[in-house]
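# Per-entry structural report
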Amino acid sequence: MPELQASSFNRVSLTLSDGTSFASVRGAATGGQRSSIGSSFNAAVQIIKDAGRGAGTFRVRRGFLAFDTSGISGTVNSATLSLTVSHASPDLPKMAVVRGTADGSSTAHFDSITGFNNSATMDGNVTDLVGGTNATNFSGVSTNTTVTMTLNSTARGLLTSEDDLYIVLVSYEYDYLLVEPSTSGFFDVGLYGPSVGTTSYRPHIDYTEETGYGNDVIGVDSGDISKVIGVATADINKVIGVD
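Quick summary incoming for the structure in this document. These numbers were taken from a predicted model, which means no experiment stands behind them.

Definitions and limits used
Residues numbered from 1 in each chain as written. Predicted model: local features only at pLDDT ≥ 70, side-chain atom pairs only at ≥ 80, totals over all residues. Heavy atoms only, no water. Helix = DSSP H or I, 4+ residues; strand = E, 2+ residues; numbered from the N terminus. Buried < 20%, exposed > 50% of the residue type's maximum accessible area, 1.4 Å probe, protein only. Contact = heavy atoms within 4.5 Å. Areas by Shrake-Rupley, 256 points an atom, 1.4 Å probe, with all protein chains shown as cover. Pairing = 2+ DSSP bridges. Phe/Tyr/Trp six-rings, centres within 6.5 Å; stacked < 30°, edge-to-face > 60°. Lys NZ or Arg CZ within 6 Å of the ring centre and 35° of its normal. Axes fitted to C-alpha atoms, helices over the stretch in contact; angles between N-to-C directions. Salt bridge = Lys/Arg side-chain N within 4 Å of Asp/Glu carboxyl O. Polar contact = N/O pair within 3.5 Å; in protein donor to acceptor, adjacent residues only side chain to side chain.

What follows is about the overall build of the chain. Looking only at helices and strands, the chain has 3 helices and 14 strands in total. Counting the 243 residues in the chain, one finds 47% classified as buried. Once local pairs closer than 6 in sequence are excluded, the contacts in the chain between residues at least 24 apart make up 80%. Carbon and sulfur atoms form 45% of the exposed surface of the chain, whose accessible area is close to 10500 Å².

Before going further, it helps to examine the pairing of strand β9 (residues 146–150). Side chains V147 and M149 of β9 all project onto a buried face; the interleaved residues T146, T148 and T150 project onto a face where none is buried. Two strands pair when backbone bridges link them, and strand β6 (residues 76–84) and β9 are joined in this way by 5 bridges, in the antiparallel orientation. Bridge pairing in β9 links L83 to V147.

What follows is about the environment of M122. Inspection of the secondary structure assignment puts M122 in the loop between β7 (94–99) and β8 (136–137). We classify M122 as buried; its relative accessible area is 1%. For the pair formed by M122 and Y176, sequence separation is 54 residues and the distance between their alpha carbons is 5.0 Å. Apart from the residues within four sequence positions on either side, M122 is in contact with R26, R62, I113, F116, V170, D175 and Y176.

For the structure on display, the rule yields 4 aromatic pairs. A centroid spacing of 5.2 Å and a plane angle of 25 degrees characterise the contact between Y172 and Y176, whose relative ring orientation is stacked. Residue Y172 and its partner Y176 are both found in helix α3 (residues 172–176); the two are separated by 4 residues, about one turn of the helix. An identical accessibility class is assigned to Y172 and Y176; each is buried. A ring pair is formed by Y174 and F187, whose centres lie 5.2 Å apart and whose planes are at 50 degrees; its orientation type is tilted. With a gap of 13 residues between them, Y174 in helix α3 and F187 in strand β11 (residues 185–192) connect regions that are remote in the sequence. Both residues of the pair, Y174 and F187, belong to the buried class. Here the guanidinium or amino end of R11 rests over the ring plane of F41, the centre of that ring lying 3.5 Å away.

Let's shift gears to the sheet that holds strand β12 (residues 204–209). What the 4 strands build is an open sheet, ordered β1-β12-β6-β9; its pairing is antiparallel. At either margin of the open sheet sits one strand with a lone partner, and together these are β1 (3–5) and β9. Taken pair by pair, the neighbouring strands of this sheet meet at an average axis angle of 25 degrees, ignoring direction. Against the sheet, helix α2 (residues 153–161) contacts β6 and β12, and its axis sits at roughly 105 degrees relative to β6.

Another aspect to go through is the pattern of salt bridges. Applying the stated criterion across every chain, the model contains 3 salt bridges. Measuring nitrogen to oxygen at the nearest pair gives 3.3 Å for the salt bridge that ties R26 to D175. Remark: D175 occurs in helix α3 and R26 occurs in helix α1 (residues 22–26); sequence separation between them is 149 residues. According to the relative accessible area criterion, R26 is buried, its value standing at 0%. Measuring nitrogen to oxygen at the nearest pair gives 2.8 Å for the salt bridge that ties K49 to E180. Of this pair, K49 sits in strand β4 (residues 40–50) while E180 is found in the loop between α3 and β11, placing the two residues 131 residues apart along the sequence. Look at E180 and you get partly exposed, because its relative accessible area is 38%. Linked through salt bridges whose partners overlap, the residues forming this network are R26, R62 and D175.

Our focus in this paragraph is the side chain of N152. Along the chain, N152 falls in the loop between β9 and α2. One polar contact links the side chain of N152 to the main-chain amide nitrogen of T154, over a distance of 3.2 Å. Setting aside residues no more than four positions away along its own chain, N152 makes contact with D128, L129, V130 and G131.

Below, the structure written as structure tokens:
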């Protein structure tokens, strides 16, 4: 199975302590800080709520992964995204994986999420890249443990058709759903980056490609079809004359 390693991993965040709301920080167009993740960072994705005295503090941090997909020539029929935790007991409960429009190399990319609405939940508005509820559990995952997520048909289509794929990692409970934490705390997860020495710890996508007919048949995704009228898809070039 071919493996595609991330070409870059950046994090963009905004922290305000001026009495603003969580929703205002989360919905901002531009971040205040940006840095790249080379080997690892202990807060690749993070939410902070510190009620403190007076105004209090909020932070929203998002992780941006970029993949060069220009070398994929066939139709991708299965794919997974693997991320490895770089420090013990992360307390970001769940993470969502969504499509981005930029690589996070600038603070201006803070809201570079396809379909993002700064005053609405991401659920139903952004482009999810992991199936189901798009909520992957990271709570209590130990150091050096790899979490693998199955990418959905939308992600597979982008891998097939685009030369670059931008993925944004966000907190599911708070950022994705637009819900302020009920208590003060640091909610984050540390992840390894593209230059970590152990190759298997680097963010990567594993995928397989169609070798035969790669289109939907009567509305059924090609990735879920192994045969058409008893003939293996690898042996099919056309269905009723259609490529």
